[in-house]
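As a plain string of letters, each chain reads:
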Amino acid sequence: MKRVLRWVCCAALCVLALSEAGWANDKKEGQTFTQKQPENYYLAGAVPEVNGKVVFRRELELPGWSQDQIFDKVKEWLVRSEQQDQDIILNRNIVREDKAKGEIYVQNQEYLVFVDRGLSLDRADFSFLQRYICSPGKCVLEVSRLKYVYDNETHMAEGWISDDYALDKNKTKVYPGVRRQRIKTVDRVDELFAGLTGSFMVLQLAQTPVQAGMTGYLPNGGMCRRADSAPYTRSPQSTRYH
(Lines give C-alpha, C1' and ligand atoms only; values in the text may rest on other atoms or scores of the structure.)
Protein backbone atom coordinates (compact mmCIF):
# COMPACT_ATOMS: atom_id res chain seq x y z
CA MET A 1 0.00 0.00 0.00
CA LYS A 2 2.81 2.36 0.89
CA ARG A 3 4.51 1.51 -2.38
CA VAL A 4 1.35 2.37 -4.31
CA LEU A 5 0.97 5.69 -2.47
CA ARG A 6 4.61 6.50 -3.12
CA TRP A 7 4.12 5.76 -6.83
CA VAL A 8 0.99 7.93 -6.97
CA CYS A 9 2.79 10.82 -5.26
CA CYS A 10 5.74 10.57 -7.63
CA ALA A 11 3.44 10.51 -10.64
CA ALA A 12 1.54 13.53 -9.37
CA LEU A 13 4.77 15.46 -8.86
CA CYS A 14 5.92 14.60 -12.37
CA VAL A 15 2.63 15.75 -13.87
CA LEU A 16 2.80 18.97 -11.86
CA ALA A 17 6.37 19.62 -12.98
CA LEU A 18 5.48 19.05 -16.63
CA SER A 19 2.44 21.28 -16.31
CA GLU A 20 4.53 24.05 -14.78
CA ALA A 21 7.10 23.72 -17.54
CA GLY A 22 4.42 23.78 -20.20
CA TRP A 23 2.75 26.79 -18.60
CA ALA A 24 6.06 28.62 -18.49
CA ASN A 25 6.68 27.90 -22.17
CA ASP A 26 3.15 29.00 -23.07
CA LYS A 27 3.66 32.19 -21.12
CA LYS A 28 6.96 32.86 -22.83
CA GLU A 29 5.67 32.13 -26.32
CA GLY A 30 2.08 33.35 -26.11
CA GLN A 31 1.75 35.90 -23.36
CA THR A 32 4.57 38.09 -24.65
CA PHE A 33 2.75 41.40 -24.73
CA THR A 34 -0.64 43.01 -24.43
CA GLN A 35 -2.72 44.62 -27.17
CA LYS A 36 -5.53 47.11 -26.89
CA GLN A 37 -7.87 45.83 -29.57
CA PRO A 38 -9.18 42.49 -30.90
CA GLU A 39 -6.97 40.68 -33.39
CA ASN A 40 -8.94 41.65 -36.50
CA TYR A 41 -8.34 45.31 -35.75
CA TYR A 42 -4.69 44.89 -36.76
CA LEU A 43 -5.28 43.14 -40.07
CA ALA A 44 -5.61 44.59 -43.58
CA GLY A 45 -5.77 48.36 -43.64
CA ALA A 46 -4.52 48.89 -40.10
CA VAL A 47 -1.21 50.18 -41.47
CA PRO A 48 -2.21 52.47 -44.37
CA GLU A 49 0.10 53.45 -47.20
CA VAL A 50 0.27 56.47 -49.49
CA ASN A 51 2.35 56.05 -52.66
CA GLY A 52 4.10 53.05 -51.15
CA LYS A 53 4.93 54.79 -47.86
CA VAL A 54 3.33 54.06 -44.50
CA VAL A 55 1.35 57.12 -43.46
CA PHE A 56 -1.17 57.13 -40.63
CA ARG A 57 -3.69 59.96 -40.91
CA ARG A 58 -6.30 61.02 -38.38
CA GLU A 59 -8.66 63.97 -38.52
CA LEU A 60 -10.55 66.05 -35.97
CA GLU A 61 -13.51 68.17 -36.98
CA LEU A 62 -13.70 71.28 -34.80
CA PRO A 63 -16.56 73.54 -35.92
CA GLY A 64 -16.23 77.06 -34.54
CA TRP A 65 -12.48 76.83 -33.88
CA SER A 66 -10.20 79.19 -35.75
CA GLN A 67 -6.96 78.00 -37.32
CA ASP A 68 -4.91 79.96 -34.76
CA GLN A 69 -6.88 78.52 -31.84
CA ILE A 70 -6.30 74.99 -33.06
CA PHE A 71 -2.61 75.70 -33.73
CA ASP A 72 -2.11 77.06 -30.20
CA LYS A 73 -3.97 74.12 -28.64
CA VAL A 74 -1.77 71.65 -30.53
CA LYS A 75 1.35 73.43 -29.25
CA GLU A 76 -0.01 73.13 -25.69
CA TRP A 77 -0.74 69.46 -26.24
CA LEU A 78 2.79 68.78 -27.47
CA VAL A 79 4.27 70.24 -24.29
CA ARG A 80 1.87 68.33 -22.05
CA SER A 81 2.27 65.03 -23.89
CA GLU A 82 6.06 65.24 -23.68
CA GLN A 83 5.74 65.50 -19.91
CA GLN A 84 3.30 62.59 -19.79
CA ASP A 85 5.51 60.38 -21.98
CA GLN A 86 8.85 61.26 -20.44
CA ASP A 87 9.52 57.62 -19.53
CA ILE A 88 9.64 56.57 -23.19
CA ILE A 89 10.69 59.71 -25.07
CA LEU A 90 14.34 59.89 -26.05
CA ASN A 91 14.13 63.03 -28.12
CA ARG A 92 11.34 65.22 -29.46
CA ASN A 93 11.87 68.37 -31.48
CA ILE A 94 9.62 70.73 -33.38
CA VAL A 95 11.61 70.85 -36.59
CA ARG A 96 9.31 73.26 -38.40
CA GLU A 97 6.26 75.34 -37.65
CA ASP A 98 4.34 77.83 -39.74
CA LYS A 99 1.36 79.41 -38.01
CA ALA A 100 0.21 81.16 -41.18
CA LYS A 101 -0.06 77.80 -42.93
CA GLY A 102 -1.18 76.04 -39.75
CA GLU A 103 1.54 73.38 -39.97
CA ILE A 104 3.70 71.85 -37.23
CA TYR A 105 6.31 69.16 -37.88
CA VAL A 106 7.63 67.18 -34.91
CA GLN A 107 10.45 64.66 -35.06
CA ASN A 108 10.16 61.95 -32.42
CA GLN A 109 12.53 59.36 -31.04
CA GLU A 110 11.22 57.13 -28.29
CA TYR A 111 11.06 53.60 -26.99
CA LEU A 112 8.36 51.38 -28.42
CA VAL A 113 7.94 48.95 -25.54
CA PHE A 114 6.74 45.44 -26.34
CA VAL A 115 7.27 43.79 -22.95
CA ASP A 116 8.16 45.33 -19.59
CA ARG A 117 7.47 42.70 -16.98
CA GLY A 118 9.79 41.95 -14.08
CA LEU A 119 13.26 41.28 -15.44
CA SER A 120 11.96 41.07 -19.01
CA LEU A 121 12.30 44.23 -21.12
CA ASP A 122 11.79 44.08 -24.87
CA ARG A 123 11.66 47.32 -26.83
CA ALA A 124 12.72 49.07 -30.02
CA ASP A 125 14.19 52.49 -30.65
CA PHE A 126 11.33 54.05 -32.59
CA SER A 127 11.47 57.27 -34.58
CA PHE A 128 8.77 58.94 -36.65
CA LEU A 129 7.58 62.30 -37.94
CA GLN A 130 4.35 63.91 -36.77
CA ARG A 131 2.72 66.50 -39.00
CA TYR A 132 -0.13 68.59 -37.65
CA ILE A 133 -2.20 70.44 -40.24
CA CYS A 134 -4.48 73.07 -38.70
CA SER A 135 -7.20 74.84 -40.62
CA PRO A 136 -10.47 76.53 -39.64
CA GLY A 137 -12.62 73.88 -38.00
CA LYS A 138 -10.21 71.00 -38.57
CA CYS A 139 -6.98 69.42 -37.33
CA VAL A 140 -5.22 66.60 -39.14
CA LEU A 141 -2.47 64.46 -37.64
CA GLU A 142 -0.16 62.50 -39.92
CA VAL A 143 2.47 60.02 -38.69
CA SER A 144 5.08 58.98 -41.25
CA ARG A 145 8.75 58.04 -41.77
CA LEU A 146 8.53 55.30 -39.18
CA LYS A 147 11.88 53.69 -38.41
CA TYR A 148 12.86 51.06 -35.86
CA VAL A 149 16.18 49.92 -34.40
CA TYR A 150 15.65 46.46 -32.92
CA ASP A 151 18.27 43.86 -32.02
CA ASN A 152 20.90 46.12 -33.60
CA GLU A 153 19.07 46.08 -36.93
CA THR A 154 17.35 49.03 -38.60
CA HIS A 155 13.94 48.58 -40.20
CA MET A 156 11.62 50.94 -42.04
CA ALA A 157 7.90 50.44 -41.57
CA GLU A 158 7.35 49.71 -45.26
CA GLY A 159 9.54 46.60 -45.08
CA TRP A 160 8.53 45.42 -41.63
CA ILE A 161 4.94 46.12 -40.53
CA SER A 162 3.11 46.90 -43.80
CA ASP A 163 0.33 44.64 -45.06
CA ASP A 164 2.58 43.11 -47.74
CA TYR A 165 5.28 42.12 -45.24
CA ALA A 166 3.39 41.49 -42.01
CA LEU A 167 0.24 39.66 -43.15
CA ASP A 168 -0.22 36.23 -44.70
CA LYS A 169 -1.43 36.00 -48.30
CA ASN A 170 -5.07 35.81 -47.20
CA LYS A 171 -4.65 38.88 -44.96
CA THR A 172 -6.15 36.97 -42.05
CA LYS A 173 -3.11 36.65 -39.77
CA VAL A 174 -0.12 38.71 -38.70
CA TYR A 175 3.16 36.84 -39.03
CA PRO A 176 4.53 36.00 -35.55
CA GLY A 177 7.94 37.50 -36.28
CA VAL A 178 6.55 41.02 -36.67
CA ARG A 179 3.29 40.72 -34.76
CA ARG A 180 4.30 42.72 -31.72
CA GLN A 181 5.91 45.44 -33.85
CA ARG A 182 2.82 45.97 -36.00
CA ILE A 183 0.36 45.83 -33.12
CA LYS A 184 2.32 48.14 -30.84
CA THR A 185 2.83 50.64 -33.66
CA VAL A 186 -0.91 50.81 -34.37
CA ASP A 187 -1.63 51.14 -30.65
CA ARG A 188 0.92 53.93 -30.31
CA VAL A 189 -0.58 55.94 -33.17
CA ASP A 190 -4.01 55.49 -31.61
CA GLU A 191 -2.60 56.76 -28.31
CA LEU A 192 -1.23 59.89 -29.96
CA PHE A 193 -4.52 60.66 -31.64
CA ALA A 194 -6.55 59.91 -28.51
CA GLY A 195 -4.35 62.26 -26.52
CA LEU A 196 -4.71 65.01 -29.11
CA THR A 197 -8.46 64.46 -29.19
CA GLY A 198 -8.58 64.59 -25.41
CA SER A 199 -6.95 68.02 -25.40
CA PHE A 200 -9.95 69.38 -27.33
CA MET A 201 -12.66 67.32 -25.70
CA VAL A 202 -15.14 68.50 -23.13
CA LEU A 203 -15.58 64.86 -22.10
CA GLN A 204 -12.13 63.43 -21.34
CA LEU A 205 -11.01 60.77 -23.82
CA ALA A 206 -7.29 61.12 -23.17
CA GLN A 207 -7.23 57.80 -21.29
CA THR A 208 -9.32 55.93 -23.86
CA PRO A 209 -8.33 55.06 -27.45
CA VAL A 210 -10.62 56.81 -29.92
CA GLN A 211 -11.61 53.44 -31.36
CA ALA A 212 -12.94 52.19 -28.02
CA GLY A 213 -16.52 53.03 -28.94
CA MET A 214 -17.21 56.25 -27.01
CA THR A 215 -18.72 59.09 -28.98
CA GLY A 216 -16.65 62.20 -28.41
CA TYR A 217 -18.36 65.56 -27.96
CA LEU A 218 -16.14 68.41 -29.03
CA PRO A 219 -16.85 72.09 -28.42
CA ASN A 220 -19.54 73.40 -30.77
CA GLY A 221 -20.56 69.90 -31.77
CA GLY A 222 -17.34 68.72 -33.38
CA MET A 223 -16.54 65.08 -34.05
CA CYS A 224 -13.37 63.06 -34.37
CA ARG A 225 -12.79 60.62 -37.18
CA ARG A 226 -10.23 58.90 -39.31
CA ALA A 227 -9.45 61.04 -42.32
CA ASP A 228 -10.86 58.53 -44.82
CA SER A 229 -14.07 57.78 -42.94
CA ALA A 230 -17.28 59.18 -41.57
CA PRO A 231 -17.41 60.44 -37.95
CA TYR A 232 -16.80 57.42 -35.78
CA THR A 233 -19.09 55.28 -33.73
CA ARG A 234 -18.64 51.58 -33.07
CA SER A 235 -21.11 48.81 -33.64
CA PRO A 236 -21.02 45.80 -31.30
CA GLN A 237 -19.63 43.64 -34.14
CA SER A 238 -16.82 45.93 -35.20
CA THR A 239 -13.82 47.78 -33.84
CA ARG A 240 -13.35 49.91 -36.93
CA TYR A 241 -14.52 53.41 -37.59
CA HIS A 242 -17.97 53.74 -39.19
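Anything mentioned here points back to the structure above.
Keep in mind that this is a model prediction, so the values were computed, not measured.

The rules behind the values
Residues numbered from 1 in each chain as written. Predicted model: local features only at pLDDT ≥ 70, side-chain atom pairs only at ≥ 80, totals over all residues. Heavy atoms only, no water. Helix = DSSP H or I, 4+ residues; strand = E, 2+ residues; numbered from the N terminus. Contact = heavy atoms within 4.5 Å. Pairing = 2+ DSSP bridges. Buried < 20%, exposed > 50% of the residue type's maximum accessible area, 1.4 Å probe, protein only. Expected span 1.5 Å × (residues − 1). Salt bridge = Lys/Arg side-chain N within 4 Å of Asp/Glu carboxyl O. Arc of directions from axis to C-beta. Phe/Tyr/Trp six-rings, centres within 6.5 Å; stacked < 30°, edge-to-face > 60°. Lys NZ or Arg CZ within 6 Å of the ring centre and 35° of its normal. Polar contact = N/O pair within 3.5 Å; in protein donor to acceptor, adjacent residues only side chain to side chain.

### Focus on the side chain of serine 162
Move 1: Considering the arrangement of structural elements, one finds serine 162 in the loop between strand E7 (153-156) and helix H3 (163-166).
Move 2: With residues up to four places along the chain from it excluded, the contact list for serine 162 reads Val47, Glu49, Val54, Ala157, Leu167 and Arg182.

### With respect to the pairing of strand E5 (residues 120-135)
Move 1: Pairing between strand E4 (residues 103-117) and E5: 14 bridges, direction antiparallel. The residue bridging valine 106 from the neighbouring strand is glutamine 130, located in E5.
Move 2: Adjacent in sequence and paired antiparallel, E4 and E5 are bridged by two residues, among which glycine 118 carries a positive phi angle near 65°.
Move 3: Here E5 runs beside strand E6 (residues 138-150); their pairing, made up of 10 bridges, is antiparallel. Bridge pairing in E6 places serine 127 opposite lysine 147.

### With respect to the environment of leucine 167
Move 1: Mapped onto the fold, leucine 167 is located in the loop between H3 and helix H4 (176-200).
Move 2: Here leucine 167 falls in the buried class, since its relative accessible area comes to 2%.
Move 3: C-alpha of leucine 167 to C-alpha of tyrosine 42: the two residues are 125 residues apart in sequence and 9.6 Å apart in space.

### What to know about H4
Move 1: If you check H4, its first and last C-alpha atoms are 37 Å apart, about what 25 residues at 1.5 Å a residue would give, namely 36 Å.
Move 2: Across the 25 residues of H4, 21 count as buried, placing the element largely inside the fold.

### Thoughts on the pattern of salt bridges
Any two side chains of opposite charge can pair, so long as their charged atoms come close to each other.
Move 1: This structure, assessed with the given rule, holds 17 salt bridges.
Move 2: Here arginine 179 ties to glutamate 39 by a salt bridge, and the two come within 2.7 Å at their closest N and O atoms. Residue arginine 179 is located in helix H4, and its partner glutamate 39 is located in the loop between helix H1 (2-30) and strand E1 (49-50); the two are separated by 140 residues in the primary sequence.
Move 3: Here lysine 73 and glutamate 76 are joined by a salt bridge, their closest N and O atoms 3.6 Å apart.

### Examining helix H2 (residues 67-84)
Move 1: With 18 residues, H2 should cover 26 Å at 1.5 Å per step; its first-to-last C-alpha distance of 25 Å lies within 8% of that length.
Move 2: When we look at burial in H2, the residues that qualify are Gln67, Ile70, Phe71, Val74, Trp77, Leu78 and Ser81. Down the axis of H2, the buried set is contained in an arc of 120°. They therefore lie on one face. Residues Val79 and Gln83 are exposed on H2 and point more than 90 degrees away from its buried face.
Move 3: Among the structural elements, strand E3 (89-98), E4, E5, E6 and H4 are those in contact with the buried residues of H2.

### Side note on the packing of aromatic side chains
Move 1: Taken as a whole and assessed by the stated rule, the structure comprises seven aromatic pairs.
Move 2: Of the aromatic side chains, those joined through ring pairs into one cluster are Phe114, Phe126, Phe128, Tyr148, Tyr150 and Trp160.
Move 3: Just above the ring of tyrosine 111 sits the side chain of arginine 123; from NZ or CZ to the centre is 3.6 Å.

### Side note on the environment of leucine 43
Move 1: Summarising the element assignment, leucine 43 is placed in the loop between H1 and E1.
Move 2: The sequence separation of leucine 43 and serine 162 amounts to 119 residues, and the corresponding C-alpha distance is 9.9 Å.

### Remarks on the side chain of glutamate 142
Move 1: Here glutamate 142 lies in strand E6.
Move 2: Look at glutamate 142 and you get buried, because its relative accessible area is 14%.
Move 3: Within the structure, glutamate 142 has its side chain in polar contact with the side chain of arginine 57 (distance 2.4 Å).
Move 4: If we ignore the near neighbours within four places in the chain, the residues touching glutamate 142 are Val55, Phe56, Arg57, Leu129, Gln130, Arg131 and Ile133.

### Focus on unusual backbone geometry
The bulk of non-glycine residues show a negative phi, and the bulk of peptide bonds are trans.
Move 1: Within the chain, asparagine 51 stands out as a residue other than glycine whose phi angle is a positive 55°.
Move 2: Within the secondary structure, asparagine 51 is located in the loop between E1 and strand E2 (53-61).
Move 3: When its relative accessible area of 78% is taken as the criterion, asparagine 51 is described as exposed.
Move 4: Here aspartate 151, not a glycine, exhibits a phi torsion of approximately 55°, which is positive.
Move 5: Take aspartate 151: it is sitting in the loop between E6 and E7.

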